Amino acid sequence: MVLLAFVLVVGLWGCSGLGVPATTEELLVRYVANEDVDNFSAEVNVGMNVNALGVRATVPTTTHLRAANNTAHGTIEVDLSALDTRNYTMEFYAELLDDALNCYIGTPNGDATTWKLWKIDMTSKIDIRTITELLSASELTVIAKDSDDKVAYELTVPTAKVLETTFDITAGSAELGGLNEQGILDAVGKDKVRVGFTEDCLMRSIDSRAMLTFKGAETNNVVVRTGIDVSATLDDYGKVDPAEVAIPNEVREAAVRTDEPVDVIEVIGADSPLAGAVGKRM
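Caption draft 1: Seen up close, the overall build of the protein chain. Secondary structure summary: the protein chain contains nine helices and twelve strands in total. Within the protein chain, contacts between residues at least 6 apart in sequence are counted, and of these 56% link residues at least 24 apart. A total of about 15,500 Å² of accessible surface is found on the protein chain, and carbon and sulfur atoms cover 54% of it.

Caption draft 2: Structural context of the pairing of strand S6 (residues 112–121). Of the strand pairs in this sheet, strand S5 (residues 100–109) and S6 are connected by ten bridges, and their pairing is antiparallel. Bridge pairing in S6 links Thr107 to Thr114. Pairing analysis gives two bridges linking S6 to strand S12 (residues 256–257), with the strands arranged parallel. The residue bridging Lys116 from the neighbouring strand is Val256, located in S12.

Caption draft 3: Main features of unusual backbone geometry. Phi at Asn69 is positive, roughly 55 degrees, even though this residue is not glycine. Mapped onto the elements of the fold, Asn69 is located in the loop between strand S2 (55–68) and strand S3 (71–78). The exposure class of Asn69 is exposed, given its relative accessible area of 53%. Its identity is not glycine, yet Cys201 carries a phi of approximately 65 degrees, on the positive side. Relative to the elements of secondary structure, Cys201 occurs in the loop between strand S9 (192–197) and strand S10 (203–214). Residue classification places Cys201 among the buried positions, given a relative accessible area of 0%.

Caption draft 4: Geometry of the nonpolar core. By size, the foremost hydrophobic cluster in this structure holds 21 residues, and its most contacted members are Phe40, Phe197, Met203 and Leu234. Looking at this core, the elements that each hand over two or more residues are helix H2 (24–33), strand S1 (40–52), S2, strand S8 (153–158), S9 and strand S11 (224–235). Beyond its immediate chain neighbours, meaning those up to four positions away, Leu234 contacts Phe40, Ser41, Ala42, Met203, Arg204 and Ser205. Ala57, Val59, Val78 and Met90 belong to the second-largest nonpolar core, a separate cluster that totals nine residues.

Caption draft 5: Spotlight on the packing of aromatic side chains. Throughout the structure, instances matching the rule amount to three aromatic pairs. Relative to Tyr237, the ring of Phe40 lies with its centre 5.9 Å away and its plane at 40 degrees, an arrangement referred to as tilted. Of this pair, Phe40 sits in strand S1 while Tyr237 sits in the loop between S11 and helix H6 (242–245), and the two are 197 residues apart along the sequence. Judged by relative accessible area, Phe40 falls into the buried class, the value being 17%.

Caption draft 6: A look at the pattern of salt bridges. For the structure on display, the rule yields eight salt bridges. Between Asp148 and Arg204 there is a salt bridge, and its shortest N-O distance comes to 2.7 Å. Taken together, the residues Asp148 in the loop between strand S7 (139–142) and S8 and Arg204 in strand S10 connect sequence positions 56 residues apart. Across the pair, exposure class does not vary: Asp148 and Arg204 are buried alike. Through salt bridges with shared partners, a single ionic network connects Asp148, Lys150, Arg204 and Asp235.

Caption draft 7: A look at the environment of Ser41. Within the secondary structure, Ser41 is located in strand S1. Considered as a pair, Ser41 and Asp235 are 194 residues apart in the sequence and their alpha carbons are 5.3 Å apart. Contact partners of Ser41, with chain neighbours within four places excluded, come to Leu65, Arg66, Thr233, Leu234, Asp235, Asp236 and Val240. Of note is the side chain of Ser41, whose polar atom sits 2.8 Å from the side chain of Asp236.

Caption draft 8: Layout of the side chain of Glu95. Of note, Glu95 is situated in strand S4 (residues 88–96). Looking at Glu95, its side chain comes within polar contact range of the side chain of Arg252, at 3.0 Å.

Caption draft 9: Layout of the environment of Asn39. As for its position among the elements, Asn39 is in the loop between H2 and S1. When neighbours within four sequence positions are excluded, Asn39 is seen to be in contact with Ala67, Ala68, Asp236, Tyr237, Gly238, Lys239 and Val240. From its side chain, Asn39 meets the backbone nitrogen of Val240 in a polar contact 2.8 Å long.

What counts, and where the lines are drawn
Residues numbered from 1 in each chain as written. Predicted model: local features only at pLDDT ≥ 70, side-chain atom pairs only at ≥ 80, totals over all residues. Heavy atoms only, no water. Helix = DSSP H or I, 4+ residues; strand = E, 2+ residues; numbered from the N terminus. Contact = heavy atoms within 4.5 Å. Areas by Shrake-Rupley, 256 points an atom, 1.4 Å probe, with all protein chains shown as cover. Pairing = 2+ DSSP bridges. Buried < 20%, exposed > 50% of the residue type's maximum accessible area, 1.4 Å probe, protein only. Core = buried A, V, L, I, M, F, W, Y, C linked by side-chain atoms within 4.5 Å. Phe/Tyr/Trp six-rings, centres within 6.5 Å; stacked < 30°, edge-to-face > 60°. Salt bridge = Lys/Arg side-chain N within 4 Å of Asp/Glu carboxyl O. Polar contact = N/O pair within 3.5 Å; in protein donor to acceptor, adjacent residues only side chain to side chain.

Structural data, given as structure tokens:
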């Protein structure tokens, strides 16, 4: 009851009116109490530095999305100029349900778009133990960020702990480039995720870096080393019209269920020098 009362007070008064949050728990309670927390726009930039078969290349990917009422719409743009091939853009919709995250992924097919439906099982709930472990591994600091004056607080969380929590709430085993869940956790090592919040305790930025090494069926037993830099900026809280991001009926009807949402060869191109290394799963 005390927690509920605090959430109601924050919702009525606002985060900045309560002063500086003293703990991670206090910051996150204020965050979820914001009425516009699920209405925002975001730009996510991912820089991938790939090293395989003597080929070194940087592949920037930019995601633009707008979200409202647990539904999002956006595009993912992959800059493949470093591989001397055309750039690639895909469109997507996503909706968060009680038991699943439905992702509708549209890939260009000439003048048309082919739609896939990728379902992520969300029936496993976050329990108190999971939340407690995540919070205990987090560190809250009050900062003044020169690069973004809207960031007032920063939460630092070990990347491995974020991934562990993700694995806990999604059913099934995770695998990436031949790495199982433990392999992924070992690969990220001591990397950190830094999440910036505004004075109103709304999420403003996300920054993370990781180095992964793949070797297995998905890479045709060729060692592929990938450095991943992620940065995101969130804005326009409360300004997104839900009608903008609603999933059209024609997309729902056209989407074909899949367990392979992205065909890597389709993205980078069969004639890419990395095609033989990255390959499809064998």
